[in-house]
Amino acid sequence: MIVFHDPAEIPARFGPSVVAIGKFDGVHTGHRAVIDRARVDAATGGARVVAVTFDRNPLALLRPEICPADLIGVHQKLQLLAETGIDATLLLRFDRDLADLPARAFVEHVLVGALGVRTVLVGRDFRFGRGGAGDPGLLAELGREFGFTVDVVDDVRAIDAGRRVSSTWIRELLAEGDVETAAKLLGRVPSVWGEVVHGLKRGRELGFPTANLSSECEGFVPADGVYAGWLIDEGSPDGLRRGIRYPAAISIGTNPTFDDVPVRQVEAYVLDETGLDLYGHRVEIQFARRIRGMVAFDGIDALIRQMTHDVTEVRTALS
């Protein structure tokens, strides 16, 4: 997948293209319904499939006081979009200049001028242009003027809950620790991504050495507790060991037994690996099932017994 960060980077005569536009926070099943429709629309006309998205939630600039936490970061978003099989992504920097761009100018310069758009696909709640003045109706009007069609993709709804699949719903589930239901809406297991850093090394002292993720990791961290999941080693900066996947017992929280961790941390114990050195590596930690909540234990012996039991539960969950 080609990644452009500015319309000026797009080569002349890049189109024709079929464009899916959205925040794509999570690249969940609802988002992929839009992308899948774009791929179908492009299949018979020799057009490229392009996702147009942003480097942040527009609310982070426009209404930061109500902007929700991101489900995924930019690295994760580009990786997940690439996995859909599209040809390119235009990742726009959402700054004041873009926020102030009139809806017509966005269509004329980005969609038509840079991408040679033939069809645009959006969700029903899509808004664009200065002040959110543009909606699917205005987009269709401009399409008739500039020679492209607009396809509004219906919401994807969960049959049992009757609720629209949305990033908001997925955040609610993750905040409750319900990673299994969140995975169904995402179409993949939820995960976070970042660099392994040095911690207090208490896990090693207890017999369960852990890889501690930087507090600046990408992705929505689920509720505190212990999870069964996977650690995927994307490699050290020199590119070694890339793509290795390990089963792991994952802990999220502030270590209430010792009460000496000031911020929530994500740490993963790779099963049966005591000499693994992942410091400085970029890893993805995937959450498959929540084993229990986070509690304080009365002493180290009680904690070690529980950790031993947790590892057994994790093996069962992942088998």
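Preceding block: the structure.
Residues numbered from 1 in each chain as written. Predicted model: local features only at pLDDT ≥ 70, side-chain atom pairs only at ≥ 80, totals over all residues. Heavy atoms only, no water.

Enquirer: Is there a simple way to think about the packing of helix α5 (residues 103–114) against helix α6 (residues 136–146) in this case?
Expert: When two helices pack together, their arrangement is given by the angle between their axes and by how far apart the axes lie. Relative orientation of the contacting elements α5 and α6 amounts to 55°, with a least axis distance of 11 Å. When the interaxial angle is binned, α5 and α6 end up oblique. For the pair α5 and α6, the sense of crossing is right-handed. Judged by residue contacts, Ala103, Arg104, Val107, Glu108, Leu111 and Val112 of α5 engage Leu138, Leu139, Leu142, Glu145 and Phe146 from α6. Of the residues contributing to the contact of α5 with α6, the split by class is eight nonpolar, no polar and three charged. (Axes fitted to C-alpha atoms, helices over the stretch in contact; angles between N-to-C directions. Helix = DSSP H or I, 4+ residues; strand = E, 2+ residues; numbered from the N terminus. Parallel < 35°, antiparallel > 145°, perpendicular 65-115°, else oblique. Left-handed = near helix turned anticlockwise from the far one by under 90°. Contact = heavy atoms within 4.5 Å. Nonpolar A, V, L, I, M, F, W, Y, C, P; charged D, E, K, R; others polar.)

Enquirer: When you look at the pairing of strand β11 (residues 265–270) in this model, what are you seeing that I'm missing?
Expert: Working note: regular strand, side chains alternate between the two faces of the sheet. Judged by how many residues are buried, β11 sits mostly within the fold: five of six residues are covered. Where strand β8 (residues 211–213) meets β11, two bridges bridge the pair, whose relative direction is antiparallel. Looking at the pairing, Asn212 lines up with Glu267 of β11. Across six bridges, strand β10 (residues 244–253) lies against β11 in antiparallel orientation. Within β11, the position partnered with Ile250 by the bridge is Ala268. (Buried < 20%, exposed > 50% of the residue type's maximum accessible area, 1.4 Å probe, protein only. Pairing = 2+ DSSP bridges.)

Enquirer: What's the story with the layout of surface pockets in this structure? I'm lost.
Expert: A probe as big as a water molecule, rolled over the atoms, marks out the empty space that is left. In this structure, the largest pocket encloses a volume near 1,100 Å³. Forming the walls of the largest pocket are 41 residues, and the residues nearest its centre are Gly22, Lys23, Asp125, Phe126 and Arg127. Mapped by element, the contributors of at least two residues to the lining of the largest pocket are α1 (29–43), α2 (59–62), α4 (96–99), β5 (117–123) and α7 (167–175). (1 Å grid on protein atoms, 1.4 Å probe; cavity = no way out; pocket = protein on both sides within 12 Å on 5 of 7 lines; lining within 4 Å. Points joined across faces, edges and corners; volume = space filled by probe spheres on them.)

Enquirer: For this particular structure, what's the right way to read the sheet that holds strand β4 (residues 88–92)?
Expert: Two orientations exist for strands paired in a sheet by backbone hydrogen bonds: parallel and antiparallel. Here we have six strands laid out as an open sheet, ordered β1-β4-β3-β2-β5-β6, and parallel in their pairing. On the outer flanks of this sheet lie β1 (2–4) and β6 (149–153), each paired with one strand and no other. Direction aside, the axes of adjacent strands within the sheet are offset by 20° on average. Here five bridges tie strand β3 (residues 48–54) to β4, and the two strands are oriented parallel to one another. Bridging from a neighbouring strand, Val52 pairs with Leu90 of β4. Across the sheet, α1 touches β2 (17–21), β3, β5 and β6, and the angle it forms with β5 is around 160°.

Enquirer: Which parts of the structure should I look at to understand empty space enclosed by the protein?
Expert: Evaluated as defined, the whole model comprises one cavity of 30 Å³ or more. The space that makes up the largest cavity amounts to roughly 50 Å³. Around the largest cavity sit Leu71, Ile72, Ile170, Leu174, Leu186, Arg188, Pro190, Ser191 and Phe220, which together line it.

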